[in-house]
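Structural features, examined
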Amino acid sequence: MSAKQREGHQQGEREGKHRGSPARDSMVPEAEFESYYGRQIVKPAPWEHDIAYYLFTGGVAAGSAILGTGAELTGRPGLSRVARAGSLVGLLSSVFFLIHDLGRPSRFLNMMRVVKLTSPMSVGTWLLALHGPFAGLASVGEVLRVLPQRWQRGPLGLALKLSRPAGIVAAATAPPVAAYTAVLLSDTATPAWHDAYKELPYVFCGSAAAASGGLGLIGAPLHEAGPARAFAVGGALVELVVEHKMEESMGLSAETLHTGTAGKWMKAAKVLTIAGAAGAVLGRRSRALSVLSGAALMAGSLSTRLGVFEAGLASARDPKYTVVPQRERVAAGNPVRYEG
Amino acid sequence: MIGRNSLFGPVDPAADAGYDDHPKRKGFFTDTSVCIGCKACEVACKEWNDVPENLFEMLGTSYDNSHSLNANQWRHVAFVERPAKPPVDLGMPSMGPGGVAVDAVTQQTEVAGSAEDMDFRWLMSSDVCKHCTHAACLDVCPTGSLFRSEFGTVVVQDEICNGCGYCVAACPYGVIDRRKGPDGADNIGIAQKCTLCYDRLTEDQVPACAKACPTESILFGDVEELRQTANDRVARLHEQGVMDARLYGNDPEDGVGGTGAFFLLLDEPEVYGLPPDPVVTTKDLPAMFNRAGMAALALLAGGVVSFLGRKR
Ligand code: SF4
Ligand code: SF4
């Protein structure tokens, strides 16, 4: 094969996924770089979409635990009910998705063998194990409360009594559950995830607030939904603003948030989140509009997770995102060195 | 056991992992300038470690039929086609059979025909797990399945790994991988990579690949000594006018704290499929947890504020 053929051939192998898409061409000039037949250098995480759903349901669970406790403490039973349900369902489904990705429940238990601070996945598992039982008890309390009085005795009565303090612990342990997932992604060699480490926790926390607030808007009666609305709109704003900032600080790999499947999810996330937040503000007096905007906010949050997830995989598949930034760093005379 | 340099910086990995009394750190020095691409190392590795065949993943895009390091390929010989370079004019008569290895580049072009006929040259390089000083795969493993051996190497324990795949995404060199096939193979769904023949090391044996390499392109030994050998070799090649020769991964102050398996390359690392300036991701882990902690507090505060000042 001649050098020319070989070159065309390398191009061909690199092409396909991203090359030639108009969005990208308009953004940055094509980065020149060399690679081994255009093959990937770092390996993309071998994760299915389960993990993206896990990020989403974990966010809903965490945000809802906060909302549920707030609602309980301020006497908003309607909001408290839907938030506690969201917390429990979110928790159970995130454990389901995690186990589904691992393949076997015993493998989930295997995670409990060690506590490892350098492994966000280990830290996250322990956070869930700490948060889960309290959130679960708080949610069970919600069910017990509507049971006939004569059943609220004995162990059930005790559980009911404990559910309130449990709710407080659940709310206090919820935020790390929402935030650690960002570290989970960032602590990898996947360019788009690692590059985003400064802002990603804020994006994910904002997204968690938007989704759980959205759930509150869907389920709570209008006169109780105020805090959910505020939580959702605030979260949506943080998500939108910080996501923008994140793209600026990421460098080259931010490209992957605009191209391919990830680009579609991120665009959907933006549209849905803006529409949902606007609807939530304008629809204060309309139950229908509240429900609609709540749903949009939840869908927006899910799209954000899917978008960030896909962008990472795309950035690992194309060696450009590994080689070019490192090469530029070295060319500028700043290779990474240990300095005393 | 967590020292100041546990996440980044020069450190003796075995001591850092808590071995009080341990043998000298072991590793590989792969000198690609004498590699002839025979793939004996690939075969020896598969034979000794019972690594299943990989051919069903044949790509057919180059002469390289094993294409990458992965769960079923713990050693990988890259065949790099490069545009030809004008032959190095040393301006001195001493270059010849007496010199060290005659400079593999010239040698290979001679085999294939006269240098003028060729518009490309071959570079061969046998790649392997780097057994990093700061191994991201090991740091992120949630089960403790990956461990640091007394030889300073990184080894997977098949029985403990739960196949979460975190190590796969964390390795800055794209080495470790979860085994997908072939059907019937052991350890499907389990992370796999070079163990530096841990079982052989404990018996005072040389790893299979180094043993099989006919040109001594793969040298096994104490990392400290290998670094010395590598420096000498690169200096000699420079003297011979092979100015493209460079070491890769040998520097204890680089982004991964230096690797246990390092290389002499004849071109830029990325040409061989290696990252030019990799950094262990856990270097930034404290900052990541800080940011996440702040974001978490902000979320809690947001929750409180949402309820404040609202009448019921
Ligand atoms: S090269 Fe990758 S798999 Fe090997 S020790 Fe380093 S991080 Fe782990
Ligand atoms: S796949 Fe196995 S070795 Fe890799 S991080 Fe998960 S448990 Fe550890």
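Coordinates for the structure precede this section.
Note that the structure is predicted; figures quoted are calculated from it, not measured.

Comments concerning the overall build of chain B
Of the regular secondary structure elements, chain B holds nine helices and ten strands. The buried share of chain B, taken over its 312 residues, is 58%. For chain B, the accessible surface area stands at approximately 13000 Å², while carbon and sulfur atoms represent 54% of it.

Regarding the overall build of chain A
The number of helices and strands found in chain A is 13 helices and zero strands. In sequence order, the secondary structure elements of chain A are arranged as α-α-α-α-α-α-α-α-α-α-α-α-α. The principal-axis extents of the C-alpha atoms in chain A amount to approximately 85 × 50 × 40 Å. The contacts in chain A between residues at least 6 apart in sequence include a share of 76% that link residues at least 24 apart. With an accessible surface of roughly 13500 Å², chain A has 66% of that area assigned to carbon and sulfur atoms. Measuring between centres, the 35 positive side-chain charges of chain A sit 10 Å from its 25 negative side-chain charges.

So, the sheet that holds strand E9 (residues 246-248) of chain B
All names here are of chain B. Strand order across the open sheet formed by four strands is E8-E1-E10-E9, with mixed pairing between neighbours. Strands at the two margins of the open sheet, each flanked by one partner only, are strand E8 (218-222) and E9. The average angle at which neighbouring strand axes cross in this sheet is 20°, direction not considered. In terms of strand pairing, strand E1 (residues 26-31) meets strand E10 (residues 261-265) through four bridges, oriented parallel.

Notes on the site of ligand 2
In the vicinity of ligand 2 there are 13 residues, among which Cys141, Cys161, Cys164, Gly165 and Cys167 of chain B approach most closely. Its residues assigned to classes, the shell around ligand 2 shows eight nonpolar, five polar and no charged.

A look at the pattern of salt bridges
All names here are of chain B. For the structure on display, the rule yields 22 salt bridges over all chains. Linking Lys26 and Asp222 is a salt bridge whose minimum nitrogen-to-oxygen distance equals 2.7 Å. Of this pair, Lys26 sits in strand E1 while Asp222 sits in strand E8, and the two are 196 residues apart along the sequence. Residue Lys26 is classed as buried on the basis of its relative accessible area, which comes to 17%. A residue is classified by how much of its surface remains accessible, and Asp222, at 16% relative accessible area, is buried. Here Lys180 and Asp177 are joined by a salt bridge, their closest N and O atoms 3.7 Å apart.

A few points about the site of ligand 1
Among the 14 residues in the neighbourhood of ligand 1, the closest are listed as Cys129, Lys130, Cys132, Cys137 and Cys171 of chain B. Grouping the constituent residues of the shell around ligand 1 by class yields eleven nonpolar, one polar and two charged.

Remarks on the nonpolar core
Counting residues in hydrophobic clusters, the biggest one holds 156 residues, and the most contacted among them are Trp47 and Leu200 of chain A together with Leu146 of chain B. Considering each element in turn, this core owes the most residues, twelve residues, to helix H3 (residues 50-73) of chain A. Not counting chain neighbours up to four residues away, the residues in contact with Leu146 of chain B comprise Cys137, Leu138, Cys141, Val154, Val155, Val156, Cys167, Ile176 and Lys193 of chain B.

Digging into the interface of chain A and chain B
Counting residues at the interface gives 76 residues for chain A and 89 residues for chain B. Across the chain A/chain B interface, buried area totals approximately 6800 Å², and carbon plus sulfur atoms make up 58% of it. Linking chain A to chain B there are seven salt bridges. As a salt-bridge pair, Arg327 of chain A and Glu268 of chain B come within 2.8 Å of each other at their nearest N and O atoms. Taken together, the connections running from chain A to chain B amount to 36 residue pairs in polar contact (both at pLDDT 80 or more). Looking at the side of chain A that touches chain B element by element, the count peaks at eight residues for helix H7 (residues 154-186) of chain A. The residue inventory of the side of chain A that touches chain B, partitioned by class, reads 42 nonpolar, 19 polar and 15 charged.

A closer look at unusual backbone geometry
Residue and element names in this part refer to chain B. Each neighbour pair has its own omega, and for Gly181 with Pro182 the value is -5°, a cis peptide bond. The backbone of Lys39 shows a phi angle near 65°, a positive value even though the residue is not glycine. Within the secondary structure, Lys39 sits in the loop between E1 and helix H2 (40-49). Note on Lys39: relative accessible area 12%, which makes it buried.

What about the packing of H3 of chain A against helix H9 (residues 200-219) of chain A?
Residues and elements named next belong to chain A. Where H3 meets H9, the closest approach of the two axes is 7 Å, and the angle between their N-to-C directions is 65°. For the element pair H3 / H9, the angle class is roughly perpendicular. Taken as a pair, H3 and H9 cross one another with a handedness that is right-handed. Across the interface between the two elements, Leu55, Phe56, Gly59, Val60, Gly63, Ser64 and Leu67 from H3 touch Phe204, Ala208, Ala211, Ser212, Gly213 and Leu215 from H9. Split into classes, the residues belonging to the contact of H3 with H9 amount to eight nonpolar, five polar and no charged.

Considerations on the pairing of strand E3 (residues 120-128) of chain B
Strand residues, when the strand is regular, have side chains that alternate between the two faces of the sheet. Residue and element names in this part refer to chain B. Among the nine residues that make up E3, nine are buried, leaving the element largely enclosed by the rest of the structure. Side chains Phe120, Trp122, Met124, Ser126 and Val128 project from E3 onto one buried face, and the interleaved Arg121, Leu123, Ser125 and Asp127 project onto a second face that is buried too. With nine bridges connecting them, strand E2 (residues 75-83) and E3 associate as antiparallel partners. By the bridge assignment, His76 is partnered in E3 with Asp127.

A short note on the packing of H7 of chain A against H9 of chain A
Residue and element names in this part refer to chain A. It is at 8 Å that the axes of H7 and H9 come closest, and there the two elements cross at 140°. Classified by the angle between their axes, H7 and H9 sit oblique to one another. Considering only the axes of H7 and H9, their crossing is right-handed. Each of Ala178, Ala179, Thr181, Ala182, Leu185 and Ser186 in H7 lies in contact with H9, whose residues at this interface are Leu200, Pro201, Phe204, Cys205 and Ala208. Residues of the contact of H7 with H9, tallied by class, amount to nine nonpolar, two polar and no charged.

About the thresholds
Residues numbered from 1 in each chain as written. Chains lettered and ligands numbered in written order. Predicted model: local features only at pLDDT ≥ 70, side-chain atom pairs only at ≥ 80, totals over all residues. Heavy atoms only, no water. Helix = DSSP H or I, 4+ residues; strand = E, 2+ residues; numbered from the N terminus. Buried < 20%, exposed > 50% of the residue type's maximum accessible area, 1.4 Å probe, protein only. Areas by Shrake-Rupley, 256 points an atom, 1.4 Å probe, with all protein chains shown as cover. Contact = heavy atoms within 4.5 Å. Lys, Arg positive; Asp, Glu negative; His and termini not counted. Charge placed at Lys NZ, Arg CZ, Asp CG, Glu CD. Pairing = 2+ DSSP bridges. Axes fitted to C-alpha atoms, helices over the stretch in contact; angles between N-to-C directions. Near = heavy atom within 4 Å. Nonpolar A, V, L, I, M, F, W, Y, C, P; charged D, E, K, R; others polar. Salt bridge = Lys/Arg side-chain N within 4 Å of Asp/Glu carboxyl O. Core = buried A, V, L, I, M, F, W, Y, C linked by side-chain atoms within 4.5 Å. Buried area = accessible area lost by both parts, 1.4 Å probe. Polar contact = N/O pair within 3.5 Å; in protein donor to acceptor, adjacent residues only side chain to side chain. Parallel < 35°, antiparallel > 145°, perpendicular 65-115°, else oblique. Left-handed = near helix turned anticlockwise from the far one by under 90°.

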